[in-house]
Amino acid sequence: MGTVTPRSVLRYETWTLQPDREPDAEPVLYAMQCAVDGETSLASEDFVEPQNWVLRHCCQNPSHHTYREIITRPWRAWRQT
């Protein structure tokens, strides 16, 4: 048999992941979705707007009692040196 040569090199690295709180980070956005019909509020930086959408939606659809909160939060990852 011939000489065995490595075909790849493995390098283990440590990465960090955390919410992006830098000044130029995208804003955290909130929305609500009706679990009955799938309709979704507009996304907003202020949770009051999606909450008001839920109240309007359940008034227009009295049998819709279940909702999901959708949070879009920017994250960032970087390699530790």
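Just so it is clear, the structure is predicted and the values come from calculations on it, not from any experiment.

Some remarks on the pattern of salt bridges
Inspection of the entire model under this criterion finds 3 salt bridges. For arginine 76, the salt bridge goes to glutamate 22, with nearest N and O atoms at 3.2 Å. Remark: glutamate 22 occurs in the loop between β1 (15-19) and β2 (29-34) and arginine 76 occurs in strand β4 (residues 75-79); sequence separation between them is 54 residues. Classification of glutamate 22 as partly exposed rests on a relative accessible area of 38%. By sharing partners, the salt bridges in this structure join Arg11, Glu13 and Arg79 into a single network.

Here we look at the nonpolar core
Within the largest apolar cluster, 5 residues are counted, these being Met32, Cys34, Trp53, Val54 and Tyr67. Among the elements of the structure, β2 and α1 (48-60) are those that each provide at least two residues to this core. Once residues within four sequence positions are removed from consideration, tyrosine 67 is found in contact with Met32, Gln33, Cys34, Ala35, Trp53, Val54, His57 and Cys58.

Rules of the game
Residues numbered from 1 in each chain as written. Predicted model: local features only at pLDDT ≥ 70, side-chain atom pairs only at ≥ 80, totals over all residues. Heavy atoms only, no water. Salt bridge = Lys/Arg side-chain N within 4 Å of Asp/Glu carboxyl O. Helix = DSSP H or I, 4+ residues; strand = E, 2+ residues; numbered from the N terminus. Buried < 20%, exposed > 50% of the residue type's maximum accessible area, 1.4 Å probe, protein only. Core = buried A, V, L, I, M, F, W, Y, C linked by side-chain atoms within 4.5 Å. Contact = heavy atoms within 4.5 Å.

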